[in-house]
Amino acid sequence: TPNKKIESYFSSNGIVSGKLGLSKDEIKDSFLEKTFYGLGRIPALATQNDFYTAMAFAIRDRVLRQFVRSTQQFNEKDARGVAYLSAEYLPGPHLGNNLLSLEIIKETREALAEVNLDLDEILDQEVEPGLGNGGLGRLASCYMDAMATLGIPSIAYGIRYEFGIFKQEIRDGWQEESTDKWLHYGNPWEIVRPEIAYEVHFGGKTESGIDEKGNYSVAWNADTVIKGVAYDTPILGYKSNGIIMRLWKAEAIESFDFSIYNSGDYYKAVEKKMRSENLTKVLYPNDENLQGKELRLKQQYFFVCCSLKDTIRLHLLQGRKLDQLHDKFTIQLNDTHPSIAVAELMRLLVDEHKMEWEKAWHVTRHTFAYTNHTLLPEALEKWSIDLFGRLLPRHLEIIYEINSRFLNELRELQYSANKIARMSLIEESGEPSIRMAHLATVGSFKVNGVSALHSRLLKEQVLNDFAELWPDKFTNVTNGISHRRFLVVSNPALSDLISEKIGRDWLTDLYKLKGLEAFAEDEDFQKKWMDIKLENKKALSKHIEEYAGVKIDPTMMFDVQVKRIHEYKRQHLKVLHILSLYRRIKKGEGERISPTAFIFAGKAAPGYFMAKRIIKLISSVADLVNKDPDVNGKLKVVFIPNFNVKLAQRIYPASDLSEQISMAGKEASGTGNMKFALNGALTVGTLDGANVEIRDEVGKENFFLFGLTTEEVQQTRQDGYRPSEYYEQNKELQGILDMLISGELSNGDTELFKPIFENLLQQDPYLLLKDYQSYIDCQEEIHEAWRKPKEWARMSILNVANMGKFSSDRSIQDYVEKIWNLQPIKAD
Ligand code: GLG
């Protein structure tokens, strides 16, 4: 029975519609209250971290108020919504972004100043949740920011990893990993919901039979049960609604171990409990490379099962029918990581809710939409039938059934046996396995790539057969980024300068930046623009000196490549360029080189041999170059350890040149490319991923292009590429490559970099040697451009002015129009 009394207070009397309490004094009061009564601290004992935590609690109250308000509106309007399923999120620090969303940065700064505390120091205390590997996880978080801001009725589901992406240290030039204990000091942003919990089954056997009503049915008698408990983090939109990121933590089922308890083996019972909780202990640190590990599949199924059960609960709570699920929800699959959802929803509908197969299949394939993030064959998920069947026997049966019906349809269309085998959900050659991208494609009503080029290649290559069968199913949504986090919060000085000129509308409509074009030639504006860049570079230099031990002159050009370390991203091509400059200086031919600091950061998958060696190579080149008196400070090389969102927010505002140099056809989109350009860095890049669209937007005269196109890459392959020819013909390149095996980079060790040398000479799968000369020539142009500061400033302004398209607000708008088909609901 509803409690009318409390409801009336809730809706009309203050709590939900009343004042948020955002004045300086109110913020100060709640901060002090949280410090003393919330944390039980006396001033003499309070640490900086206590102050951070108290401030986070004070702000969280206000954030939750916004969230509660939007939930209420979504419910009242019985709105159609989205459940976003992602195995990864990289939200970055919450406090700064929430202060912006509430528009109380200034008030908070002043409130803290009154008690002699500094907001920036407090912000710096926050340890970010590293619940993702790279672009894919960060994209999910940029989308949460936009969905909250735009009022999209939505919920984001994922996994509450106890240890996120490893912490990276660089020792003697090598990457070393340690566990990321992000929860060590507590997490003031999350709220545990012990009552929102679901059982997840694994293993065992299925049994078919006739149920009490005389219908054929299948029972899954699992041998393990684990409980998933919801942990909610509110994500606040700018000046508006909030949505929830609901992450599942694995726990043991209490009752499950009773028999062992009773038999007296207490330790065995506890051990079982620990084993259950292992499931969400740690994030797999591989970006775009599947490992096929059992625990990973368990994680995927675990969070999918909890999320679908929760979505169904929310749906039914509204008094709706289950066969209308697709009318009320789109479930967006962020890559194939959650694609087991297709089979799980069928299981829930058919086995648990007794819906007939055809109807359930109709609901399922109108509920899911699938975003593909990569064309790399090694990243396309496949699960061995053997492993899969042991863990999820019922799902294997369901997938077989989906497949057999699907293949029958293809036979009716007179498809050849070859083509049918290609399209099957099951790969029969080699170890039989399930192709998760095919499952996701067959089970979804829309499939999208993440940039125009990537979506085209997806249709023409990886999913070509499917695109021919269902042309309307395929679409593109070009990625976008949260310009509020990556410009307003992380580059406040530039944001203020922009707002001074064009007002503040660009915070919610990034296309408004176009207004900056009018000032691109204005010398006074250019000077202010570049002065801010210089200040940001000074701040980054300080950080670099402290964390990487290298002193950098902030007036140098900051040439930056930060992203996961991967051969296709070609950090080693950048290294070849640095060595070319070094050798020119040594030969006395360095007069046309502009003083440059080469800045790298990024993590390598712990088991990725070549990537780890590339980090060592960068460090070795840094040692050589930074210490050589002949270089005389003209070049500096540095690898900043432990790249994460927090560090990224320092780096983009301080960058002059953005390196986006992947081999064409390999980077699905890239999003770092957008963050750099948004902060006024110029891009040197190939025609890959979203680079293509960035260049279209900013104009080709404001973008440094080099290298082969996707088509030329394919042609090169077809013609039989022999990298050694380039080594033999290009003497400069030869001299550089020889350095890798001469020992001069490695204290005489001629073996250390031989694997890189041999890889490049023998296979060079990412065509570094082929693209080398074009890259070097392009860099010469860049160094010349750097010597004309006004020109450079003009190009920098024009880049920012034309970044409107790359806001995640635009991307989400595209999802709404092309895929989700729903009405945003803005909080009043
Ligand atoms: C992928 C791709 C990136 C893409 C990102 C988000 O490699 O090119 O920008 O997803 O769509 N694994 C990734 O980071």
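Reading guide: rules and limits
- Residues numbered from 1 in each chain as written.
- Predicted model: local features only at pLDDT ≥ 70, side-chain atom pairs only at ≥ 80, totals over all residues.
- Core = buried A, V, L, I, M, F, W, Y, C linked by C-beta atoms within 7 Å.
- Buried ≥ 20, exposed ≤ 12 C-beta atoms within 10 Å, placed from the backbone.
- Helix = DSSP H or I, 4+ residues; strand = E, 2+ residues; numbered from the N terminus.
- Domains from an automatic or database assignment.
- Contact = placed C-beta atoms within 7 Å.
- Pairing = 2+ DSSP bridges.
- Axes fitted to C-alpha atoms, helices over the stretch in contact; angles between N-to-C directions.
- Nonpolar A, V, L, I, M, F, W, Y, C, P; charged D, E, K, R; others polar.
- UniProt positions renumbered as here; feature names shortened; annotations may be inferred.
- Near = placed C-beta within 6 Å.
- pLDDT = per-residue confidence, 0-100.
- Parallel < 35°, antiparallel > 145°, perpendicular 65-115°, else oblique.
- Left-handed = near helix turned anticlockwise from the far one by under 90°.

## Section: the nonpolar core
Working step 1: Counting residues in hydrophobic clusters, the biggest one holds 226 residues, and the most contacted among them are Met 55, Phe 302, Ala 341, Ile 578, Ile 618 and Val 621.
Working step 2: For this core, the element with the most residues is helix H7 (residues 135–150), which contributes ten residues.
Working step 3: Taken domain by domain, the makeup of this core includes at least three residues from each of domain 1 (78–93 + 128–476) and domain 2 (496–812).
Working step 4: Excluding its chain neighbours within four sequence positions, the residues that come into contact with Phe 302 are Val 200, Ile 226, Gly 228, Trp 248, Ala 250 and Leu 279.

## Details of the environment of Ile 402
Working step 1: Here Ile 402 lies in helix H15 (residues 393–412).
Working step 2: Of the residues examined, Ile 402 has 21 C-beta atoms within 10 Å and is grouped as buried.
Working step 3: C-alpha separation for the pair Ile 402 and Gly 443, spaced 41 residues apart in sequence, amounts to 9.0 Å.
Working step 4: What Ile 402 contacts, discounting residues up to four positions off in sequence, is Leu 425 and Val 442.

## So, the sheet that holds strand E9 (residues 242–252)
Working step 1: With respect to topology, nine strands assemble into an open sheet ordered E5-E8-E9-E2-E1-E10-E11-E15-E16, the strand pairing being mixed. Each end of this open sheet is capped by a strand with a single partner; those strands are strand E5 (191–202) and strand E16 (474–476). Neighbour-to-neighbour, the strand axes of the sheet open up by a mean angle of 25 degrees, direction not taken into account.
Working step 2: Sheet topology places strand E15 (residues 444–449) next to E16; three bridges connect them, and they run parallel. Pairing of Gly 449 across the sheet is with Asn 476, part of E16.
Working step 3: In this fold helix H9 (residues 266–277) packs onto strand E8 (224–236) and E9, with an angle of close to 150 degrees to the strand it touches most, E9.

## Focus on the pairing of strand E6 (residues 205–210)
Working step 1: Counting buried positions along E6 gives zero out of six residues, so the element sits mostly on the surface.
Working step 2: Bridge count between E6 and strand E7 (residues 216–221): six bridges; the pairing is antiparallel. Across the sheet, the residue bridging to Lys 205 is Asn 221, located in E7.
Working step 3: Taking the residues that link successive antiparallel strands as the turn, the E6-E7 hairpin has five residues, and the phi of Gly 214 there is positive, at about 85 degrees.

## Quick notes on the domain arrangement of the chain
Working step 1: When its domains are assigned, the chain resolves into domain 1 (78–93 + 128–476) and domain 2 (496–812).
Working step 2: The C-alpha centroid of domain 2 is placed 35 Å from the C-alpha centroid of domain 1.
Working step 3: Each side of the interface is counted separately: domain 1 has 45 residues, and domain 2 has 35 residues.
Working step 4: When residues of the side of domain 1 that touches domain 2 are traced back to their parent elements, those giving at least two are H7, strand E3 (167–171), strand E4 (174–178) and helix H18 (452–462).
Working step 5: Considering each element in turn, the side of domain 1 that touches domain 2 owes the most residues, ten residues, to H7.
Working step 6: Along the lines of polarity and charge, the residues of the side of domain 1 that touches domain 2 split into 21 nonpolar, 16 polar and eight charged.

## Focus on the environment of Met 55
Working step 1: Structurally, the position occupied by Met 55 is in helix H3 (residues 48–76).
Working step 2: Residues Met 55 and Glu 381, 326 residues apart in the sequence, show an inter-C-alpha distance of 42 Å.
Working step 3: Beyond its immediate chain neighbours, meaning those up to four positions away, Met 55 contacts Phe 31, Leu 95 and Ile 122.

## Let's talk about the UniProt feature "modified residue: N6-(pyridoxal phosphate)lysine" (unreviewed entry) in the chain
Working step 1: With numbering aligned to this structure, UniProt lists the feature "modified residue: N6-(pyridoxal phosphate)lysine" (unreviewed entry) at Lys 675.
Working step 2: By secondary structure assignment, the location of Lys 675 is in helix H26 (residues 672–678).
Working step 3: The exposure class of Lys 675 is buried, given the 29 C-beta atoms found within 10 Å.
Working step 4: Setting aside anything within four residues of it in sequence, one finds Lys 675 in contact with Ile 481, Phe 486 and Tyr 652.

## A word on the site of the ligand
Working step 1: Neighbouring the ligand are 16 residues, the closest being Gly 135, His 373, Val 450, Ala 668 and Ser 669.
Working step 2: Looking at the shell around the ligand residue by residue, the class counts come to four nonpolar, nine polar and three charged.
Working step 3: In this structure, the shell around the ligand is formed jointly by two domains, domain 1 (78–93 + 128–476) and domain 2 (496–812), each of which donates at least three residues.

## A short note on the confidence of the model for the chain
Working step 1: In the predicted model, the chain carries a mean pLDDT of 95, and 98% of its residues have values of at least 70.
Working step 2: The ipTM for the predicted assembly is 0.99, set against a pTM of 0.97.

## Regarding the pairing of E9
Working step 1: The buried fraction of E9 amounts to nine of the eleven residues, a majority that puts the element mostly inside the structure.
Working step 2: Here strand E2 (residues 154–159) runs beside E9; their pairing, made up of five bridges, is parallel. Bridge assignment links Ile 159 to a residue of E9, and that residue is Trp 248.
Working step 3: Where E8 and E9 come together, eleven bridges link them in antiparallel fashion.

## A look at the packing of helix H2 (residues 24–38) against H3
Working step 1: Orientation of H2 relative to H3, taken along the N-to-C sense of each, is 120 degrees, at an axis distance of 8 Å. By the angle between their directions, the pair H2 and H3 is classed as oblique. Pair H2 / H3 crosses with right-handed handedness. On H3, the residues that touch Ile 27, Ser 30, Phe 31, Lys 34, Thr 35 and Gly 38 of H2 are Asp 50, Phe 51, Ala 54, Met 55, Phe 57, Ala 58 and Asp 61.

## Considerations on the sheet that holds strand E21 (residues 682–685)
Pairing between the strands of a sheet is mediated by backbone hydrogen bonds and can be parallel or antiparallel.
Working step 1: One open sheet accounts for six strands, arranged E19-E18-E17-E20-E21-E22; its pairing is parallel. Looking at strand neighbours, the two that pair on one side only are strand E19 (635–639) and strand E22 (704–705), the edges of this open sheet.
Working step 2: Across six bridges, the pairing between strand E17 (residues 557–562) and strand E18 (residues 596–601) is parallel. Its bridge partner being in E18, Phe 558 is matched across the sheet by Ala 597.
Working step 3: Along the sheet face, helix H23 (residues 571–586) touches E17, E18, E19 and strand E20 (657–660) and points at about 155 degrees away from the line of E19.

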